[in-house]
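Here is how the chains run, residue by residue.
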Amino acid sequence: MIRSTLCPLVSVVIPCLNRADLLVPTLESVLAQDYARLECVVVDGGSTDGTLEVLKAYEGKLRWVSESDSGPAEAINKGWKMCHGEILAWLNADDLWAPGAVRTAVEYLVQNPDVDVVYGDCGIIDRDGKRIATAYPRDWDLQYAAEYCDHVIFQAASFMRRSILERVGWLWPRLCHDHELWLRVSLMGGTIRHVPAVLACARHHPANLGYRSEIVIPLKRAITKQLFEHNMLPEGLRRLRKRA
């Protein structure tokens, strides 16, 4: 167990837009965590579907703001800058944390002060919340991620130190910002580690833009091109450019 003097504040930001139908399970998964020093901020993009009524019902248990933004990356960055946590995370408004996720992540980060990002395994659930699969990601390796254009990490199951985000910069202002972030953290010397435990569940449903290939493929190509143009890319990886 972590001694009380070693319990850093964890802040999670939930970006949201018209998710009244799925938001409650997400919020409940955060509030049910068995870790006391937890701050939750919902950044809503101006919902018109009843989301604000849901948030008002949680008054006193979380903080929230509702105003127009350019998309989830801006919302997450805004929320992180509102927070005070030493450890940061974000959870999409239709995903869930697994029981004990925060405690597991914090224990690992406290015991491994050289690690900047920790991530776990991730359940895949359908729109109704039924587990349909479990993803067991590989250990992080920049060469593999670059060569195969593989984001490796399921963002819902990731936790990162504020210090690494302040050092490398915040989220890329486009979709696939999680993929771009892991590459940038690794490229700039950050340490990323995997723990073999289910920390979250990601919801697979038609409205999730991350499953639309016509949106994702051009962005992945742009991220890969950007990586190979970075002046900090190790010389040994540059030979993989054509394959990547």
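You'll find the structure just up there.
First things first, this report covers the structure right here in the doc. This one's a predicted model, so the numbers in the text were calculated from it and none came from an experiment.

**Observations regarding the overall build of the protein chain**
And step 1. In terms of helices and strands, the protein chain carries nine helices and nine strands.
And step 2. Expected size for 244 residues packed as a compact globule is a radius of gyration near 18 Å; at 17 Å, the protein chain falls within 12% of this value.
And step 3. For the protein chain, the proportion of its 244 residues judged to be buried stands at 53%.
And step 4. If you sum the accessible surface of the protein chain, you get close to 11,500 Å²; carbon and sulfur atoms cover 51% of it.
And step 5. In the protein chain, which carries 29 positive and 30 negative side-chain charges, the distance between the mean positions of the two groups comes to 5 Å.

**Quick word on the environment of W64**
And step 1. Structurally, W64 is set in strand β3 (residues 63-66).
And step 2. Owing to a relative accessible area of 24%, W64 belongs among the partly exposed residues under this scheme.
And step 3. Sequence spacing of W64 and E147 is 83 residues, and the spatial spacing of their C-alpha atoms is 39 Å.
And step 4. Discounting chain neighbours no more than four positions away, the residues touching W64 are V42, L52, L55, K56 and E59.

**What about the packing of helix α7 (residues 177-187) against helix α8 (residues 213-228)?**
Two packed helices can be described by the angle between their axes and the distance between those axes.
And step 1. Relative orientation of the contacting elements α7 and α8 amounts to 15 degrees, with a least axis distance of 10 Å. Classified by the angle their axes make, α7 and α8 are roughly parallel. When the axes of α7 and α8 are compared, the crossing they make is right-handed. In contact with H179, E180, L183 and L187 of α7, α8 contributes K220, I223, Q226 and L227.
And step 2. Class assignment for the residues of the contact of α7 with α8 results in four nonpolar, two polar and two charged.

**Side note on helix α1 (residues 23-31)**
And step 1. Of the residues making up α1, those classed as buried are L23, T26, L27, S29 and V30. For α1, the angular spread of the buried residues around the axis is 160 degrees, confining them to a single face.
And step 2. Buried residues along α1 sit in contact with β1 (10-16), β2 (38-44), α2 (51-56) and β5 (96-97).

**A word on the layout of surface pockets**
And step 1. Within this model, the second largest pocket holds a volume of roughly 170 Å³.
And step 2. In this structure, the second largest pocket is lined by C149, R221, T224, K225, F228, R241 and A244.
And step 3. Its residues placed into classes, the lining of the second largest pocket shows three nonpolar, one polar and three charged.

**Side note on the nonpolar core**
And step 1. With 40 residues, the main nonpolar core has W80, W140, M160 and L181 as its most contacted residues.
And step 2. Among the elements of the structure, β2, α3 (72-82), β4 (87-90), β6 (117-125), α5 (142-147), α6 (162-168), α7 and α8 are those that each provide at least two residues to this core.
And step 3. The residues touching W80, leaving out its near neighbours within four places in the chain, are V13, L88, A89, W90, M160, R162, L165, W170 and L171.
And step 4. Residues Y35, L55, A89 and V195 belong to the second largest nonpolar core, which totals 37 residues.

**With respect to the pairing of strand β7 (residues 131-135)**
And step 1. Note that β6 and β7 share four bridges and pair antiparallel. Along β7, the bridge assignment pairs G123 with T134.
And step 2. Between the end of β6 and the start of β7, which pair antiparallel, lie five residues, with G129 showing a positive phi angle near 90 degrees.

**Quick notes on the pattern of salt bridges**
And step 1. Scanning all chains against the criterion turns up eight salt bridges.
And step 2. A salt bridge links R63 to E39, with the shortest nitrogen-to-oxygen separation between them at 2.6 Å. Here E39 lies in strand β2 and R63 lies in strand β3, a separation of 24 residues in the sequence.
And step 3. Exposure remark for R63: the relative accessible area of 34% places this residue in the partly exposed category.
And step 4. What makes E39 buried here is its relative accessible area of 12%.
And step 5. Residues R184 and E180 are paired through a salt bridge, measuring 2.7 Å at the closest nitrogen-oxygen approach. You can see R184 and its partner E180 sitting in helix α7, four residues apart, about one turn around the helix. For the pair formed by R184 and E180, the shared burial category is buried.

Criteria and cut-off values
Residues numbered from 1 in each chain as written. Predicted model: local features only at pLDDT ≥ 70, side-chain atom pairs only at ≥ 80, totals over all residues. Heavy atoms only, no water. Helix = DSSP H or I, 4+ residues; strand = E, 2+ residues; numbered from the N terminus. Rg over C-alpha atoms; globule rule 2.2 N^0.38 Å. Buried < 20%, exposed > 50% of the residue type's maximum accessible area, 1.4 Å probe, protein only. Areas by Shrake-Rupley, 256 points an atom, 1.4 Å probe, with all protein chains shown as cover. Lys, Arg positive; Asp, Glu negative; His and termini not counted. Charge placed at Lys NZ, Arg CZ, Asp CG, Glu CD. Contact = heavy atoms within 4.5 Å. Axes fitted to C-alpha atoms, helices over the stretch in contact; angles between N-to-C directions. Parallel < 35°, antiparallel > 145°, perpendicular 65-115°, else oblique. Left-handed = near helix turned anticlockwise from the far one by under 90°. Nonpolar A, V, L, I, M, F, W, Y, C, P; charged D, E, K, R; others polar. Arc of directions from axis to C-beta. 1 Å grid on protein atoms, 1.4 Å probe; cavity = no way out; pocket = protein on both sides within 12 Å on 5 of 7 lines; lining within 4 Å. Points joined across faces, edges and corners; volume = space filled by probe spheres on them. Core = buried A, V, L, I, M, F, W, Y, C linked by side-chain atoms within 4.5 Å. Pairing = 2+ DSSP bridges. Salt bridge = Lys/Arg side-chain N within 4 Å of Asp/Glu carboxyl O.

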